[in-house]
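Reading the structure
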Amino acid sequence: MTGPVRRRRVLPRRFYDGDALEVAPQLLNKILVRGRRSGRIVEVEAYRGAQDPASHAYRGQTRRNATMFGPPGRLYVYFTYGMHWCANAVCGPEGEAQAVLLRAVTPLSGLEEMRHSRWAGRGPGPVPADRQLTSGPARLCQAFAITGEDDGADLVRRDRGLAVVDDGTPPPRRVGVSGRVGISAASELPWRFFVPGEPHVSGVPGPRTGRPVLPAPGRR
DNA sequence: CTTTGGATCGTCT
DNA sequence: GACGATCCAAAGG
């Protein structure tokens, strides 16, 4: 009943050393790992530095975005909306400030730790469905306990237990493509990539509003 | 099921 | 002083 035991290998530096538009779809079905926690990457977005009005790096280097200007293969973690962390894999040659935003993973292991990181300390009431665990850039950071402390972590060296690994599962034959979520500039560019049909993909373009919409909890 | 508004603060102008 | 690469609860139909 169990699938084949596949060797997991940490993605090498060269994997990240390319244009974000090429690296982003290649990250689909790779595995984000931190300690016991792991999840298959099912949704990402490419951000292309000076080429990209929606990128934090568009207007040049600052203290906040410095990691993006560094070497590929590191984690760029930023703080937004006064309460959320989001994580990117830095790619492209050093200095170009390209990055791939990790928007959703399907949990594979360490589910208890993830649930604890997400929902410990909440009051009485129903425990949210596991669908809400890691479907969204800030949700997955919370589930993996990724914060500003992890900004700059080298994913190739497994800094702080963080890495992206390949278990031999290729990206989907047909990659889902859409506009990027939650931005105002250049939102029409088709630089969001996802695994079609994966329940943990965070949002689809809403039919009414055009804004991302999660399937209702309980539906599949 | 859809839509709205609140939370909350670092960063850049 | 304005605004986020967001999430959630609550209200509305």
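Scroll up a little and you will see the structure.
In short, a report on the structure. (Residues numbered from 1 in each chain as written. Chains lettered and ligands numbered in written order. Predicted model: local features only at pLDDT ≥ 70, side-chain atom pairs only at ≥ 80, totals over all residues. Heavy atoms only, no water.)

**What to know about the overall build of chain A**
Test applied: In this text, helices come from DSSP runs of H or I with a minimum length of four residues, and strands from runs of E with a minimum of two, each type numbered from the N-terminal end. For this measure, only C-alpha atoms enter the radius of gyration; the expected value for a globule follows 2.2 Å times N^0.38, where N is the number of residues. Three labels apply to residues, based on accessible area from a 1.4 Å probe with only protein chains included: buried if under 20% of the type maximum, exposed if over 50%, partly exposed otherwise in between. Contacts were defined at the residue level, with two residues in contact if any of their heavy atoms lie within 4.5 Å. In these tables, accessible area is a Shrake-Rupley quantity obtained with a 1.4 Å probe, and a residue counts as shielded only by the protein chains included in the view. For the purpose of counting charges, residues Lys and Arg are taken to be positive, whereas Asp and Glu are taken to be negative. His and the chain ends are not included. Here the site of a charge means atom NZ of a Lys, CZ of an Arg, CG of an Asp or CD of a Glu.
Within chain A, the regular secondary structure consists of 4 helices and 11 strands. Radius of gyration (C-alpha) of chain A: 17 Å, near the 17 Å computed for a compact globule of 220 residues. With respect to the three principal axes, the spread of C-alpha positions in chain A is 45 × 45 × 40 Å. Residue burial in chain A is summarised as follows: out of 220 residues, 49% are buried. Here the analysis covers contacts within chain A between residues at least 6 apart in sequence; of these, 62% occur between residues at least 24 apart. Of the roughly 11400 Å² of accessible surface on chain A, 51% is carried by carbon and sulfur atoms. The positive charge centre, built from 33 side chains, and the negative charge centre, built from 20, are 6 Å apart in chain A.

**Quick look at the state of the cysteines**
Quick reminder of the rule: Disulfides are defined in this document as cysteine sulfur pairs within 2.5 Å.
Counted by the stated rule, this structure contains 0 disulfides. Cys 86 carries a free sulfur, and the closest cysteine sulfur to it, the one in Cys 141, is 5.8 Å from it. Look at Cys 86 and you get buried, because its relative accessible area is 5%.

**Regarding helix H2 (residues 20-27)**
Those residues of H2 not exposed but buried are Ala 20, Val 23, Ala 24, Pro 25 and Leu 27. Taken together, the buried residues of H2 touch helix H1 (13-16), strand E3 (37-48), strand E5 (84-91), strand E6 (98-109), strand E7 (162-166) and strand E9 (192-194). Of the residues one or two after H2, Asn 29 is the one with positive phi, at around 75°.

**A short note on helix H3 (residues 111-119)**
Test applied: As used here, the arc is the angular range of directions from the helix axis to the C-beta atoms.
Turning to H3, its buried residues number three or more, namely Met 114, Arg 118 and Trp 119. Angular distribution of buried residues about the axis of H3 spans 95°; they occupy a single face of the element. Of the exposed residues in H3, those oriented more than 90 degrees away from the buried face are Glu 112 and His 116. Where the residues of H3 are buried, they touch E3, E6 and helix H4 (137-143).

**Thoughts on the pairing of strand E2 (residues 31-34)**
Taken residue by residue, a regular strand's side chains alternate between the two faces of the sheet. We apply this condition: At least two bridges found by DSSP between two strands is the condition for calling them paired.
In E2, alternate side chains face the same way, and those of Ile 31 and Val 33 on one face and Leu 32 and Arg 34 on the other are all buried. Across 4 bridges, E2 lies against E3 in antiparallel orientation. From the neighbouring strand, Arg 34 faces E3, where its bridge partner is Arg 37. Between the end of E2 and the start of E3, which pair antiparallel, lie 2 residues, with Gly 35 showing a positive phi angle near 60°. Bridging between E2 and E7 involves 4 bridges; their strand directions are antiparallel. For Ile 31, the partnering residue across the bridge sits in E7 and is Val 165.

**A short note on the pairing of E7**
The buried fraction of E7 amounts to 5 of the 5 residues, a majority that puts the element mostly inside the structure. Across the two faces of E7 the burial is the same, with Leu 162, Val 164 and Asp 166 and Ala 163 and Val 165 all buried. One ladder, built from 2 bridges, connects strand E1 (residues 9-10) with E7; its direction is antiparallel. Among the inter-strand pairings, Val 10 is bridged to a residue of E7, identified as Val 165.

**Notes on the packing of aromatic side chains**
The test is simple: Classification of ring pairs rests on two measures: the distance between centres of Phe, Tyr or Trp rings, Trp counted by its six-membered ring, which must be within 6.5 Å, and the angle between planes, read as stacked under 30 degrees, edge-to-face over 60 and tilted in between. When the NZ atom of lysine or the CZ atom of arginine is within 6 Å of a ring's centre and also within 35 degrees of its normal, the charge is said to sit over that ring.
A full pass over the atoms with the stated rule returns 3 aromatic pairs. Note on Phe 15 and Tyr 16: the rings are 5.4 Å apart at their centroids and 75° apart in plane angle, and the pair reads as edge-to-face. Classification of Tyr 16 as buried rests on a relative accessible area of 0%. We note Arg 180 situated over the ring of Tyr 47; from NZ or CZ to the ring centre the distance is 4.6 Å.

**With respect to the protein's contact with DNA strand C**
Quick reminder of the rule: The nearness test applies per residue and asks whether one of its heavy atoms lies within 4 Å of the molecule or strand. Polar contact is defined as a pair of N or O atoms within 3.5 Å, subject to the rule that within protein one atom must be able to donate a hydrogen and the other to accept it, and that residues adjacent in sequence are counted only when both atoms are side-chain atoms. Asp, Glu, Lys and Arg are counted as charged, while Ala, Val, Leu, Ile, Met, Phe, Trp, Tyr, Cys and Pro are counted as nonpolar; the rest, among them Gly, fall into the polar class.
In the vicinity of DNA strand C, 22 residues are found, and the nearest of them are His 56, Tyr 78, His 84, Asn 88 and Arg 139. When the atoms of DNA strand C within 4 Å of the protein are sorted by group, sugar and phosphate make up 55%. Within the side chain of His 84, one N or O atom sits 2.8 Å away from a base oxygen of DNA strand C. In this structure, Arg 122 approaches DNA strand C through a side-chain N or O atom, which is 3.5 Å from a phosphate oxygen. Elements with a contribution of two residues or more to the surface near DNA strand C: strand E4 (75-80), E5, E6 and H4. Counted by class, the surface near DNA strand C contains 11 nonpolar, 7 polar and 4 charged residues.

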